[in-house]
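# Close look at the chain arrangement
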Amino acid sequence: MSLPIDIVPLDPELPLPAYAHEGDAGLDLYARESAVIRAGGHRLLMPTGISIAIPVGYCGLVMPRSGLALKHGISIVNAPGLIDAAYRGEIKAVLVNTDPDHDYEIHRGDRVAQLVIQRVEQVAWNVVESLDGVDRGGGFGHSGR
């Protein structure tokens, strides 16, 4: 079952986000501009040429493309980048070049990120004196390698 989402193509020359294969979770997002991300952790805000109306009860998650990450060290700084249902501006990806030595050139129309639309629940806090379960203690690798 498909979730209908309104989309405004801000750059009609770019393709709309699309799934590369049947059953994929992420829709490919395209670079609206050509740019170079310098090596060594430099960042770039890349517009994707679309605005969308995510329904209440859902969010958008902008995620890295695994091929760009593996081959070139290109990732999303705040991965996943969260798009709230109320946001109506252009979708942009905060790209980072983790390669220590090589700049990366992005060409207009390149696939630079993925968009996943995900159902989300709203929280209603229940204030209690203590929590159920066992405190595993530590966290952040406390249980070993």
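These numbers were taken from a predicted model, which means no experiment stands behind them.

About the cut-offs
- Residues numbered from 1 in each chain as written.
- Predicted model: local features only at pLDDT ≥ 70, side-chain atom pairs only at ≥ 80, totals over all residues.
- Heavy atoms only, no water.
- Salt bridge = Lys/Arg side-chain N within 4 Å of Asp/Glu carboxyl O.
- Helix = DSSP H or I, 4+ residues; strand = E, 2+ residues; numbered from the N terminus.
- Buried < 20%, exposed > 50% of the residue type's maximum accessible area, 1.4 Å probe, protein only.
- Pairing = 2+ DSSP bridges.
- Core = buried A, V, L, I, M, F, W, Y, C linked by side-chain atoms within 4.5 Å.
- Contact = heavy atoms within 4.5 Å.

### With respect to the pattern of salt bridges
Tallying each qualifying case throughout the model produces 6 salt bridges. For aspartate 28, the salt bridge is made with arginine 111, and the minimal N-O distance between the two is 3.3 Å. Placement of aspartate 28 in strand β3 (residues 27-30) and of arginine 111 in strand β11 (residues 111-119) is noted, with a sequence separation of 83 residues between them. Its relative accessible area of 37% is what places arginine 111 among the partly exposed residues. Salt bridges sharing partners connect three or more residues here, namely Asp11, Glu13, Arg32, Glu90 and Arg108.

### Considering the sheet that holds strand β6 (residues 58-63)
On the basis of which strands lie adjacent, the open sheet formed by 5 strands has the order β2-β3-β11-β6-β8 and antiparallel pairing. In this open sheet, the two edge strands, each paired with only one partner strand, are β2 (18-19) and β8 (81-83). Sheet analysis places β6 next to β8, joined by 3 bridges and oriented antiparallel. Pairing of glycine 60 across the sheet is with isoleucine 83, part of β8.

### Comments concerning the nonpolar core
It is characteristic of soluble globular proteins that their nonpolar side chains tend to be buried jointly. Val62, Leu95 and Ile106 are the most contacted members of the largest nonpolar core, which totals 23 residues. Contributions of two or more residues to this core are made by β3, β4 (35-37), β5 (43-53), β7 (74-76), β9 (90-97), β10 (104-106) and β11. With residues near it in sequence (within four places) discarded, valine 62 still touches Leu29, Ile76, Ala79, Pro80, Gly81, Ile83, Ile91, Ala93, Ala113, Gln114 and Leu115.

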